[in-house]
Amino acid sequence: PLTILYTRRMEDIGYGGKAGGKFGPTSFGALYVRSDDLIRDQNSNVITDEFGNPLPPVESDYVALALRQDLFGSATVGAYYAGRERAEDDYGRA
């Protein structure tokens, strides 16, 4: 399976919400989380200052959306979106 949102990166969750449901042949799911995350490098190691202390956490917004449409009784088509944003120039989307 394809992992587009790795929730273990959400470290100190402040608040969030999720919703899901089905309207006729259309199913949906949505997730929003605001968390304070430690800054990590590309290998998931925590970035530290010159004394070995972790840098202060930054606020991160996580969003995940899913939409699925039933077709002809036995087939479906769907779309997924996942995003993380920390600042205007620090974001990831899939």
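Before going into details, it helps to say that this report is about the structure given with it. (Residues numbered from 1 in each chain as written. Predicted model: local features only at pLDDT ≥ 70, side-chain atom pairs only at ≥ 80, totals over all residues. Heavy atoms only, no water.)

## Concerning the pattern of salt bridges
Here is step 1 of the chain: Enumeration over the complete set of coordinates arrives at six salt bridges.
Here is step 2 of the chain: Note that Arg40 is salt-bridged to Glu11, the shortest N-O span being 2.6 Å. Here Arg40, found in the loop between strand 2 (26–37) and strand 3 (58–71), pairs with Glu11, found in the segment before strand 1 (12–23); they are 29 residues apart in sequence, far enough to count as distant.
Here is step 3 of the chain: Given a relative accessible area of 31%, Glu11 falls into the partly exposed group.
Here is step 4 of the chain: Arg86 is paired through a salt bridge with Asp37; the nearest N and O atoms lie 3.9 Å apart. Of this pair, Arg86 sits in strand 4 (residues 75–87) while Asp37 sits in strand 2, and the two are 49 residues apart along the sequence. (Salt bridge = Lys/Arg side-chain N within 4 Å of Asp/Glu carboxyl O. Helix = DSSP H or I, 4+ residues; strand = E, 2+ residues; numbered from the N terminus. Buried < 20%, exposed > 50% of the residue type's maximum accessible area, 1.4 Å probe, protein only.)

## A few points about the packing of aromatic side chains
Here is step 1 of the chain: Summed over the entire model, instances satisfying the criterion amount to two aromatic pairs.
Here is step 2 of the chain: Between Tyr15 and Tyr32, the ring centres sit 6.3 Å apart and the planes meet at 40°, which makes this aromatic pair tilted. Residue Tyr15 is found in strand 1, and its partner Tyr32 is found in strand 2; the two are separated by 17 residues along the sequence.
Here is step 3 of the chain: Each ring, one from Phe23 and one from Phe28, has its centre 5.7 Å from the other, and the planes form 5°; the classification is stacked. (Phe/Tyr/Trp six-rings, centres within 6.5 Å; stacked < 30°, edge-to-face > 60°.)

## Here we look at the pairing of strand 2
Looking down a regular strand, the side chains alternate between one sheet face and the other.
Here is step 1 of the chain: Pairing analysis gives eleven bridges linking strand 1 to strand 2, with the strands arranged antiparallel. Residue pairing for strand 2: Ile13 is matched across the bridge by Ser35.
Here is step 2 of the chain: As consecutive antiparallel partners, strand 1 and strand 2 are separated by two residues, and within that stretch Gly24 has a phi angle of approximately 60°, a positive value.
Here is step 3 of the chain: Where strand 2 meets strand 3, twelve bridges bridge the pair, whose relative direction is antiparallel. (Pairing = 2+ DSSP bridges.)

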